[in-house]
Amino acid sequence: MTLRFPEHGSPEDRSATFRFPEGFLWGAATSAYQIEGSLETDGRGVSVWDTFAAREGAIEGGGDARIACDSYARWREDLDIVEHLGLNAYRFSVAWSRVVPEGRGRVEPRGLDHYERQIDEMLARGIAPVVTLNHWDMPEALMSDGGWMGRSSVDAFVEYAVAVADRLGDRVPWWITQNEPWIIQLLGYQLGLHAPGIRDLRGSLAAGHHVLLAHGAAYDAMRPLTSGRIGAGLNLLPCVPASDDPADLAAAHGSDGYVNRWFLDPLLGEGYPDDMRAHWDRAIGGGIDDIVRAGDEEAIGGRSDFLGVNFYTHRVMAAAEPGPGRPFPWKVVGTAGEVPRTDEGTEIVPGAFTDLLRRLHREYPGTPLLITENGAIYGDSPTHDGEVHDVRRIQYLRAHIEAMGTAMQEGADVAGYLHWSLLDNFEWALGYRPRFGLVYVDFRTGERIPKDSARHYAEIVRAGRVVGREGTAPDAGTLVDSLGAFG
Ligand code: FCB
């Protein structure tokens, strides 16, 4: 039962033996709202996700994050797992509403105490903290000014970033100011599928812009408070034309502008791309100059010590007439025919990962990359032996680490790889059904069970290269034995 992923690049690209450099960061990632629970502990304020999750029908299965993985209480156990796996990095996020519960003004020291304890413990164990500041959980109080749609969100974010950096700046080596600006813009403010659940195209453009502006402003404010590297994390989706028809080629280029270049270009110092600016002008009418004001692009660019890359899949694009619900002249059509997919139907394309890293290296030279997320939904749960034999996650992991190695062999400057996710967790509007973890979580008891993929990853990390056999857990004996026993 070996799942074959499409070959990527040319045959000589294969890099199964690529040895990752000394000091490469190997880790896993989580975010506060998805794992912490304890939503009323230590003076935490209400966040936009608390409000959104309470809306009828907002969360599949009707779940909420009141307990989630209970990691606010069980964080030491989580670090034990990270340490046992031999990982040298852990990406997590600070919950904004634990630090500035009312969105402006008063800072809650108990929230900061919690993260300080956690970070000190990580450092004592040789685990580099990679700290995200905004993983989508803005304090609800800021919605009175429109949340990210309001320009005042920039100042609110700076207040928060300064409070955190003031306390922790001397010991955090990697900061991620913003996680996935495009997803905040699209799901939070354009489609209303994520908090704060707004559907406003023009507002969504403003929200995305303010998220970037807040990155720039926070960078300037944090710079004197930390020697850690500061960057933002983008979810980048290579856009491929469905055919070689020029209309589809234009659709892929346009979509690349919307999803990728609209964020890459201003962050990495080139300002917003003209072609996409024209698309936005047309889509919202009346131009965007009152949103993107004079001087804004200069305040965003040149403030990325590295770029965080979240990679999951690609988008196969075809031309389409704009219309209701389709602001731009393109649509996602997916790959025609059979392709490997995750349990959620996401196309698995490690070759696109290599191509993306090559492209970033070529088109935005000089900015180190950190893979801040990469992972897949597979629903495996414990079998009769109590273990989780998630063979497909092992294959996914191997294929993507190899794909990254290929790009690095060609010169891409990648500082580390952080798998999404350490734990099965609260997957936003999809609730608890999709499981992304290297570690299985029993949401009734909070029990953590490292999956076979976790052990396989640990072997790769120990060796500093992709080792072991594809499609097998390192201790495949157990699997074979138990299969023997149960016929
Ligand atoms: C990313 C998010 C992360 C998680 C993964 C699956 O978009 O940053 O919180 O939901 O996708």
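Residues numbered from 1 in each chain as written. Predicted model: local features only at pLDDT ≥ 70, side-chain atom pairs only at ≥ 80, totals over all residues. Heavy atoms only, no water.

### Thoughts on the packing of aromatic side chains
- Under the defined criterion, the tally for this structure stands at 34 aromatic pairs.
- Here the aromatic rings of Phe-311 and Phe-353 are separated by 4.8 Å at their centres, their planes lie at 10°, and the arrangement is stacked. Of this pair, Phe-311 sits in the loop between strand 7 (306-310) and strand 8 (315-319) while Phe-353 sits in helix 12 (residues 350-363); the two residues are 42 residues apart in sequence, bridging distant segments of the chain.
- Residue Phe-311 is classed as buried on the basis of its relative accessible area, which comes to 0%.
- A connected cluster of aromatic rings, assembled from ring pairs, spans Tyr-33, Trp-49, Phe-52, Trp-136, Phe-426, Trp-428, Tyr-432 and Phe-443. (Phe/Tyr/Trp six-rings, centres within 6.5 Å; stacked < 30°, edge-to-face > 60°. Helix = DSSP H or I, 4+ residues; strand = E, 2+ residues; numbered from the N terminus. Buried < 20%, exposed > 50% of the residue type's maximum accessible area, 1.4 Å probe, protein only.)

### Some words on the pattern of salt bridges
- This structure, assessed with the given rule, holds 44 salt bridges.
- Residue Arg-104 pairs with Glu-159 through a salt bridge whose shortest N-O separation is 2.8 Å. With Arg-104 in the loop between helix 4 (96-99) and helix 5 (109-124) and Glu-159 in helix 6 (residues 152-168), this residue pair connects regions lying 55 residues apart in the sequence.
- The partly exposed category is assigned to Arg-104, whose relative accessible area is 34%.
- With a closest N to O distance of 3.1 Å, Arg-171 and Glu-116 form a salt bridge. In this pair, Arg-171 is assigned in the loop between helix 6 and strand 4 (174-179) and Glu-116 in helix 5, connecting sequence segments 55 residues apart. Just as Arg-171 is buried, Glu-116 falls in that class too.
- Here the salt bridges share partners, and the residues they tie into one network are Asp-113, Glu-116, Asp-120, Arg-167, Asp-170 and Arg-171. (Salt bridge = Lys/Arg side-chain N within 4 Å of Asp/Glu carboxyl O.)

### Some details on the site of the ligand
- The ligand sits among Gln-34, His-135, Trp-136, Asn-179, Glu-180, Tyr-312, Glu-373, Trp-420, Glu-427, Trp-428 and Phe-436.
- Contacts to the ligand include His-135, whose side-chain N or O atom sits 2.8 Å from an oxygen atom.
- The side chain of Asn-179 places a nitrogen or oxygen atom 2.8 Å from an oxygen atom of the ligand.
- In isolation the ligand has 290 Å² of accessible area, and contact with the protein removes 91% of it. (Near = heavy atom within 4 Å. Polar contact = N/O pair within 3.5 Å; in protein donor to acceptor, adjacent residues only side chain to side chain. Areas by Shrake-Rupley, 256 points an atom, 1.4 Å probe, with all protein chains shown as cover.)

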